[in-house]
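So you can see what is in the structure, the chains are spelled out below.
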Number of protein chains: 2
Amino acid sequence: MRQDLVTGDWVVIATGRSKRPEEFAAFKREIVQEDPGKLCFFCFPEETGQEKDVLIYKKDNGDWSLRVFPNKYPAFKRGGKIKHHEEGPFFKMDGVGYHEVIVTRDHMRQIALLDALEVAEIADAYQERYIDLMNKKNVNYIEIFCNHGKEAGASIVHPHSQLAAIPVISPHIQSELDGAESYYRANRHCVYCTIADWESEHKKRIVFENDSFIAFCPFSSRAAFEVWVMPKKHKPYFERITDEEKVAFAEALQISVNKIYKALGDPPYNFYLHTSPCDGKDYPHYHWHLEILPHTAIWAGFELSTGIEVSTIEPEAAAEFLRNQ
Amino acid sequence: MRQDLVTGDWVVIATGRSKRPEEFAAFKREIVQEDPGKLCFFCFPEETGQEKDVLIYKKDNGDWSLRVFPNKYPAFKRGGKIKHHEEGPFFKMDGVGYHEVIVTRDHMRQIALLDALEVAEIADAYQERYIDLMNKKNVNYIEIFCNHGKEAGASIVHPHSQLAAIPVISPHIQSELDGAESYYRANRHCVYCTIADWESEHKKRIVFENDSFIAFCPFSSRAAFEVWVMPKKHKPYFERITDEEKVAFAEALQISVNKIYKALGDPPYNFYLHTSPCDGKDYPHYHWHLEILPHTAIWAGFELSTGIEVSTIEPEAAAEFLRNQ
């Protein structure tokens, strides 16, 4: 990992996944879809030489239904001590951590097509792996995310999520932690609770809600049809989700993804959890949630330069369209 | 423009460019390449009903060589007073500003294929439009950028750059301003000068250099083959570039883009200028530069969630490969 000398942000240089320089020309966009004539890596993890499972769920008949194993091309690698290095004015450190894939059995059924209880099993795995890794040495944040579709960066077609347990708190999470803290100091109220309450009361950006979760297109959506899934009550820590909440969360996630699937014709998308760091500190004013970003636009020069995203539909219109699916 | 209640970041909702919701399904990625049977908008701006020129450069024979006109689908629109609106806890304001396109004449010759003097003419136009707009009401930052290739968001094939004069200082620039300021306070030295001096002395990440500019793969590159073009001397304000510096800048930019073009086989890329805001304040510790980001990877769930980019080649190897083109 290398640190930007100006902003303090980190990047990861994962050359284990790399081509030689001259191969980049052929791999302008690095997609490793399986050869259709070959075994799918994730249908047949043992036969295709994937890493050993760290978690496996089985059905009553003994067949596996979900398994978790280390990513074969990890962006973060297991290792004991983190070494810090200097090069003149610059800093780098070993990208130590854990990088796992969470694989559901059925090659053809993505989350949009699962039922809510099957999605609850995925949430079980997220929680179980989170709890196992959160107290490991050098793990300060755990990022759980899903890439669907090759334009959204999925290198394997078979439905899967990923988990990265990393040694630093990312700039985006830090920015949300700081924002939540300063909103709390000014208003004595959680900023995410304020948002959830407003959306639940005014309905116009709601996509779906049940007793404990709300799914809505955020007021300042960065992409057309962006949806956030959020607990209605104040909950800083994803890993403390109860079994009952997990079913409600799975329902809200599955329905949101299904509505995006139907509305936009199975678009590529990313979703990811934002939750409190596991660095041993308390984050009483943060509020975990999941963000779904359909790949409805390309973030080009303006967005990359400024960090100001240009979206082309009002979130109210996007939410209405999704509600009606 | 709408403000993120948590982070304070802004987004733009530009519905003038929009489809109706049901049209998003067909336009998963919004590419508006010209119909090959029709006139190119930028070869024939008058005939295709583009906006009126705000700047035109002509050759000795009277033909135009470069022209600048307002973007027909602006993300920021001209307008007098900025109105601020509240919706409960949320803030929004009118996205007032200027959004222009800078078009070179030749449909087939992108910057990689121009000569340095032709690129200097583009830099002339950047500077001239910058100076004209920097003192306009409500213009606090001017973003100049280029999208090349449809995967990098270019909606028109004909080579062009864009300029957006906007009412806010973007989060990315603010982060660089803050980083430069705090580095200066700690070290009594500009952080960008520190970087330029180190790279110039150690050579291993250099792509090209002349008397007044250096082009290099940054130590914490966010994408494979990222290149920054930077004045070697301390220069906070792009718009104060001299004619002599402009030729040296154009040479460094053209050669960098040409090396990327040859090394990666004409990949899509974005480049953009980062310079001091034009909000009336002084920024003595900032240092303008241009960043070129080839589209060598997809920023997927992990990168979108964290803001930590994963790159797959060491910048030293990328620079060596580019140097050898």
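Residues numbered from 1 in each chain as written. Chains lettered and ligands numbered in written order. Predicted model: local features only at pLDDT ≥ 70, side-chain atom pairs only at ≥ 80, totals over all residues.

Here we take up the sheet that holds strand β13 (residues 269-274) of chain B. Residue and element names in this part refer to chain B. Sheet architecture is open: 10 strands sit in the order β3-β4-β7-β9-β8-β13-β14-β12-β11-β10, paired in antiparallel fashion. The sheet terminates laterally at β3 (55-58) and β10 (206-209), the two strands that pair on one side only. Averaged over all pairs of adjacent strands, the angle between their axes in this sheet comes to 15°, without regard to strand direction. The pairing of strand β12 (residues 227-231) with strand β14 (residues 289-294) spans three bridges and is classified as antiparallel. By the bridge assignment, W228 is partnered in β14 with E291. (Pairing = 2+ DSSP bridges. Helix = DSSP H or I, 4+ residues; strand = E, 2+ residues; numbered from the N terminus. Axes fitted to C-alpha atoms, helices over the stretch in contact; angles between N-to-C directions.)

Attention now goes to the interface of chain B and chain A. Quoted interface sizes are often the accessible area lost when the parts come together. The interface of chain B with chain A comprises 81 residues on the first partner and 81 residues on the second. In terms of residues, the side of chain B that touches chain A owes the most to one element, helix α2 (residues 171-187) of chain B, which gives seven residues. Summarising the sheet, strand β15 (residues 309-311) of chain A and strand β2 (residues 10-13) of chain B pair through three bridges and their orientation is parallel. The partner of A:S311 across the bridge, within β2(B), is B:I13. (Contact = placed C-beta atoms within 7 Å.)

Residue and element names in this part refer to chain A. Predicted confidence across chain A gives a mean pLDDT of 91, with 93% of residues reaching 70 or more. Taken as a whole, residues 25-32 scores under 50 in pLDDT and shows 13 contacts with residues more than four places along the chain or in a different chain. At the level of chain-chain contacts, confidence expressed as ipTM amounts to 0.91, with global pTM at 0.93. (pLDDT = per-residue confidence, 0-100.)

Let us look at the relation of the copies chain B and chain A. Mapping chain B onto chain A is achieved by rotating through 180° and translating by 0.0 Å along the same axis, at an RMSD of 0.0 Å. Such a turn and shift between the copies fits a two-fold axis. Of the interface residues in chain B, 100% have counterparts in chain A that sit at the interface too, so the contact is made through matching surfaces. (Least-squares fit on C-alpha atoms with pLDDT ≥ 70 in both.)

As a further point, take the environment of A:I298. The residue A:I298 is located in the loop between β14 (289-294) and α5 (301-306) in this model. C-alpha separation for the pair A:I298 and A:D115, spaced 183 residues apart in sequence, amounts to 31 Å.

Residue and element names in this part refer to chain A. One non-glycine residue, F225, adopts positive backbone phi at about 70°. Tracing the backbone shows F225 in the loop between β11 (213-216) and β12 (227-231). What makes F225 buried here is the crowd of 28 C-beta atoms within 10 Å. (Buried ≥ 20, exposed ≤ 12 C-beta atoms within 10 Å, placed from the backbone.)

The next subject is the packing of helix α1 (residues 116-133) of chain B against helix α4 (residues 243-264) of chain B. Residues and elements named next belong to chain B. Running from amino to carboxyl end, α1 crosses α4 at an angle of 115°, the nearest separation of the two axes being 8 Å. The pairing of α1 with α4 is recorded here as roughly perpendicular in orientation. In this structure, α1 crosses over α4, and the sense of that crossing is right-handed. Of the residues in α4, those touching α1 at A116, V119, A120, A123 and D124 are K246, V247, F249, A250, E251, L253 and Q254. Of the residues that constitute the contact of α1 with α4, the class distribution is eight nonpolar, one polar and three charged. (Parallel < 35°, antiparallel > 145°, perpendicular 65-115°, else oblique. Left-handed = near helix turned anticlockwise from the far one by under 90°. Nonpolar A, V, L, I, M, F, W, Y, C, P; charged D, E, K, R; others polar.)

The next thing to look at is the environment of B:H274. Considering the arrangement of structural elements, one finds B:H274 in strand β13. C-alpha separation for the pair B:H274 and B:I144, spaced 130 residues apart in sequence, amounts to 8.2 Å. Sequence-distant contacts of B:H274, that is, excluding residues within four places in its chain, are made with A:S305, B:I173, B:E176, B:W288, B:H289 and B:E291.

Turning next to the pairing of β11(A). Residues and elements named next belong to chain A. Burial along β11 is two-sided: F213 and A215 facing one way and I214 and F216 facing the other are all buried. As paired strands, strand β10 (residues 206-209) and β11 are joined by three bridges and run antiparallel to one another. Its bridge partner lying in β11, E209 is registered against I214. In textbook terms, the turn of a hairpin is the stretch between consecutive antiparallel strands, and for β10 and β11 this stretch comprises three residues.

Moving on, we come to the sheet that holds strand β13 (residues 269-274) of chain A. All names here are of chain A. Sheet architecture is open: 10 strands sit in the order β3-β4-β7-β9-β8-β13-β14-β12-β11-β10, paired in antiparallel fashion. Of all strands in the sheet, those with a lone pairing partner are β3 (55-58) and β10, marking the two edges. When the angles between neighbouring strand axes are averaged without regard to direction, this sheet yields 15°. For β3 and strand β4 (residues 64-70), the ladder comprises four bridges, and the chain directions are antiparallel. The residue of β4 that forms the bridge with K58 is W64. Most of the contacts of helix α3 (residues 191-202) go to β11, to which it runs at about 75°, and overall it touches β10, β11, β12 and β14.

All names here are of chain B. Here Q162 is to be found in strand β9 (residues 160-166). Distance in space between the C-alpha atoms of Q162 and V103 is 8.6 Å, their sequence separation being 59 residues. Dropping the residues within four chain positions of it, Q162 is found in contact with N71, E100, V101, I102 and F145.

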